[in-house]
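Residue strings, one per chain:
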Amino acid sequence: MKTDFNINNLIRENIKSLKPYSSARDEYKDASISEMIFLDANENPFENGVNRYPDPQQNDVKDLLAEIKNVSKENILLGNGSDEVLDLIFRAFCEPKEDNIITLPPTYGMYNVLANVNDIAIKEVLLSEDFQPKVDKILKEADANSKILFLCSPNNPTGNSFTEKSVEKLLKKFKGLVVIDEAYIDFSDKESWLKKINKYPNLIITQTLSKAFGLAGIRLGICYASKEIIKVLNTIKPPYNINELTQQRAIERLQQIDEIKNEVAQLISERNRLKKELEGCDGYIEKVYPSDGNFLLLKVDDANKRYQQLIDYGVVIRNRTNQPLCENCIRVSVGICEENQRLLRALKAIK
Ligand SMILES: *Cc1c(COP(=O)(O)O)cnc(C)c1O
């Protein structure tokens, strides 16, 4: 247990005194009573399926998620993609021009983008050669204004997960919030940190329906944290941030958990097959990194050249050569079997 922690010391002053905007649907929630009529929100009364404002608290989506992920509903906040969730965290806790965040390149680009948008300084502490956090260096780099440490695990683009020991030490010793981005957790055999949200009051976990759940198009990101943190984020989120169509599609999908598990199992099996095949190719593929995600990072002889050659074969991958520690690396997403075959054929054909 982390005992010396008080969330109030991290919240921005202007946010502390905020009252959440109360929307019409917040004030009267029990829309299930059928004889009620709703003349409170200036909606168009002619029914077309989406003429009403959506549930601002997304209760049905959260009920399903709470059950699937075995957490309490009060520990969940939903956003318009992880992007919005991350932006809300910045706006609640980071004072522009004063505070800073710590990121661990090579990693997901959005943390730095959002820091720049919010005018928050960035301290970068490179991962080690084997893509693990340099724990002591991170703690040394942190100062009184270091509000957030971003840990992406499994990490994009490297594919590996951070060791339990490193994450645990950072959770214990870092004085700000630790955000663990678990966008790829469902492809990993490592355990999620979700079980620890009640043990570490400074822990925030983000997940998404964009990857394993196959719903990148509806934009639904998930934040799990202590009730206190969720409450702060709730006061600043736009009231109707998750639209009705998104909520409906999320509910449909979350009710088909067997289908999701089946797809994830197929993708893991394809990932492992692809890795083995790529390792068997002799020639310009120098290394295939281990992956806990639905993608593989490869080191090649000349990433720019290979990227262009693959484009000429109609295969679009991601060139990561300009990322630190990723010189001549490319990242490939795992597709369906036929797509992976086409990738393999292209990789074997190019000289
Ligand atoms: C893909 C990805 C996300 C997902 O972002 P959404 O806005 O939810 O689609 C989040 N974090 C990482 C590291 C990712 O690679």
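Just so it is clear, the structure is predicted and the values come from calculations on it, not from any experiment. (Residues numbered from 1 in each chain as written. Predicted model: local features only at pLDDT ≥ 70, side-chain atom pairs only at ≥ 80, totals over all residues. Heavy atoms only, no water.)

**Side note on a positive patch on the surface**
Cut-off, in case you're wondering: A residue counts toward a patch only above 30% relative accessible area and without a salt bridge, and it is joined to like-charged neighbours within 9 Å or, for Val, Leu, Ile, Met, Phe, Trp and Tyr, to nonpolar neighbours within 5 Å. Areas reported as accessible are Shrake-Rupley estimates using a 1.4 Å probe. Residue values count occlusion only from the protein chains shown. Salt bridges are counted wherever a side-chain nitrogen of Lys or Arg sits within 4 Å of a carboxyl oxygen of Asp or Glu. For this count, His and the chain ends are skipped, Lys and Arg are scored as positive, and Asp and Glu as negative. To locate a charge, the coordinates of NZ of Lys, CZ of Arg, CG of Asp or CD of Glu are taken. Helical segments are the DSSP runs of H or I of at least four residues, strand segments are the runs of E of at least two, and each set is numbered from the N terminus. To sort residues, take the accessible area from a 1.4 Å probe on protein chains only and compare it with the maximum for the residue type: under 20% means buried, over 50% means exposed, and anything in between is partly exposed.
Judged by side-chain charge, K172, K173, K175 and K199 come together as a positively charged surface patch. Tracing the sequence through the fold places K173 in helix α7 (residues 164-173). Given a relative accessible area of 48%, K173 falls into the partly exposed group.

**Concerning the domain arrangement of the protein**
The following threshold applies: Segmentation of the chain into domains, including their bounds, is taken from an automatic or database domain assignment. When checking whether two residues touch, look at their non-hydrogen atoms; a contact exists if any pair is within 4.5 Å. Summed over both partners, the accessible surface that disappears when two parts come together, traced with a 1.4 Å probe, is what is meant by buried area.
When the domains of the protein are assigned, the result is domain 1 (12-255) and domain 2 (258-349). Spacing between the C-alpha centres of domain 1 and domain 2 amounts to 29 Å. In this assembly, 25 residues from domain 1 lie in contact with 21 residues from domain 2. A combined buried area of about 1,800 Å² lies between domain 1 and domain 2, and 62% of that area is made up of carbon and sulfur atoms.

**Some points on helix α11 (residues 303-312)**
Rules: What the arc measures is the spread of directions leading from the helix axis to the C-beta atoms.
If you check which residues of α11 are buried, you get A303, R306, Q309 and L310. Considered in projection along α11, the buried side chains sweep an arc of 130° and stay on one side of the axis. Those residues of α11 hidden inside the fold are in contact with β9 (295-300), β10 (318-319), β11 (329-333) and α12 (337-349). Two residues or fewer past α11, G314 is found with a positive phi of approximately 80°.

**Regarding the sheet that holds β9**
The cut-off we apply is this: What makes two strands pair is DSSP finding at least two bridges between them. An axis is simply a line fitted to the C-alpha atoms; with a helix, the fit covers only the stretch in contact. Between two such axes, the angle follows the N-to-C directions and lies from 0 to 180 degrees.
What the 4 strands build is an open sheet, ordered β8-β9-β11-β10; its pairing is antiparallel. Here the strands that pair on one side only, and so sit at the sheet edges, are β8 (285-288) and β10. Bridge count for β9 against β11 is 5 bridges, and the pairing is antiparallel. Residue pairing in the sheet places L296 in a bridge with V332 of β11. Each of β8 and β9 touches helix α10 (residues 257-280); the most contacted strand, β9, lies at about 10° to it.

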